[in-house]
Amino acid sequence: MERTVPNQFINPSSNALLFGKLQILFMKRLLLLLVLAFYCVGASAQDSRMSDATPSLMEQKSYVNALKTAEQTNRSTYSRAENVENLLYKLQSSIYYYSGVVKTYGEKPKCLFTDVRSLNALKNADMLKNNIEIVTIKIDTPSDLNLPIDMAVFSSFKNLKYIKILSYVNATEQNIKTMIRNSNDRYSVFYKIDQGENSK
């Protein structure tokens, strides 16, 4: 006697294959969502670190060395380290602003020299600000360590990249960090302690 097999609408073997493919697809999507979630958490943690009240601050030599190390891996044609060294050590057109008096030497000055006591008046000073790339702020006396360095005064300096804090008195990195207000990641801030001949 011949046995007839009814037509099957659902083939169990192909159904298992289809279910397996759906399961793999689901796992891929879940993995993608997890990676995205971890990335977002990492990015938000980095943002909170960047907006932290404590500014990033390095000693001058360490800062330049860090730039050089980063450039060895990047291999870019423009060297920030070389630019910083040129601004620090080579003769540049400059502005000197002390006690409300502006003295400009050269055309299109790239450097501005001032002290902590003159900072508050700097915002309203009549000077060529557009080409300034580096500001050097001097700390001359121990009492200067109690004055704030407000980064907001540099808002009108369109090309400013670096702020150097030069202390002629014994100071620590923490002393200088506590002086900084309204830190801005537009500027790289570094310091140098110089208690040599210029010490007061």
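Below is a short write-up of the structure.

Cut-offs used in this document
- Residues numbered from 1 in each chain as written.
- Predicted model: local features only at pLDDT ≥ 70, side-chain atom pairs only at ≥ 80, totals over all residues.
- Heavy atoms only, no water.
- Pairing = 2+ DSSP bridges.
- Helix = DSSP H or I, 4+ residues; strand = E, 2+ residues; numbered from the N terminus.
- Contact = heavy atoms within 4.5 Å.
- Axes fitted to C-alpha atoms, helices over the stretch in contact; angles between N-to-C directions.
- Buried < 20%, exposed > 50% of the residue type's maximum accessible area, 1.4 Å probe, protein only.
- Core = buried A, V, L, I, M, F, W, Y, C linked by side-chain atoms within 4.5 Å.
- Salt bridge = Lys/Arg side-chain N within 4 Å of Asp/Glu carboxyl O.

1. With respect to the sheet that holds strand β5 (residues 134-139)
Point 1. Pairing is mixed in the open sheet, where 7 strands are placed in the order β1-β9-β7-β5-β4-β2-β3. On the outer flanks of this sheet lie β1 (58-59) and β3 (101-105), each paired with one strand and no other.
Point 2. The sheet contacts of helix α3 (residues 80-89) involve β4 (111-115), β5, β7 (162-167) and β9 (188-193), and relative to β7 the element is tilted by about 45°.

2. Quick notes on the side chain of Asp-194
Point 1. Take Asp-194: it is sitting in the segment after β9.
Point 2. Apart from the residues within four sequence positions on either side, Asp-194 is in contact with Leu-166, Ser-167 and Tyr-168.

3. Focus: the pairing of β7
Point 1. Judged by how many residues are buried, β7 sits mostly within the fold: 6 of 6 residues are covered.
Point 2. Residues Tyr-162, Lys-164 and Leu-166 point to one face of β7 and Ile-163, Ile-165 and Ser-167 to the other, with burial holding for every one of them.
Point 3. Here β5 runs beside β7; their pairing, made up of 6 bridges, is parallel. Residue pairing in the sheet places Val-135 in a bridge with Ile-163 of β7.
Point 4. Relative to β9, β7 is paired through 6 bridges, and the arrangement is parallel. Paired with Leu-166 across the bridge in β9 is Lys-192.

4. Some points on the nonpolar core
The tendency in soluble globular proteins is for nonpolar side chains to be buried side by side.
Point 1. Residues Leu-112, Leu-122, Phe-154, Ile-163 and Ile-165 are the most contacted members of the largest nonpolar core, which totals 30 residues.
Point 2. Elements that contribute at least two residues to this core include exactly β2 (94-98), α4 (119-122), β5, β7, α5 (173-179) and β9.
Point 3. For this core, the leading source of residues is β5, giving 3 residues.
Point 4. Contact partners of Leu-112, with chain neighbours within four places excluded, come to Ile-95, Tyr-97, Leu-122, Met-127, Ile-132, Ile-134, Val-135, Thr-136 and Phe-157.

5. Quick word on the pattern of salt bridges
Point 1. Taken as a whole, this structure holds 7 salt bridges when the rule is applied.
Point 2. A salt bridge links Lys-68 to Glu-85; the nearest nitrogen and oxygen atoms lie 3.0 Å apart. Placement of Lys-68 in helix α2 (residues 60-74) and of Glu-85 in helix α3 is noted, with a sequence separation of 17 residues between them.
Point 3. Judged by relative accessible area, Glu-85 falls into the partly exposed class, the value being 25%.
Point 4. Between Lys-110 and Glu-133 there is a salt bridge, with its nearest N and O atoms 3.9 Å apart. In this pair, Lys-110 sits in the loop between β3 and β4 while Glu-133 sits in the loop between α4 and β5, placing the two residues 23 residues apart along the sequence.
Point 5. Within the structure, one salt-bridge network assembled from shared partners comprises Arg-117, Lys-138, Asp-140 and Asp-144.

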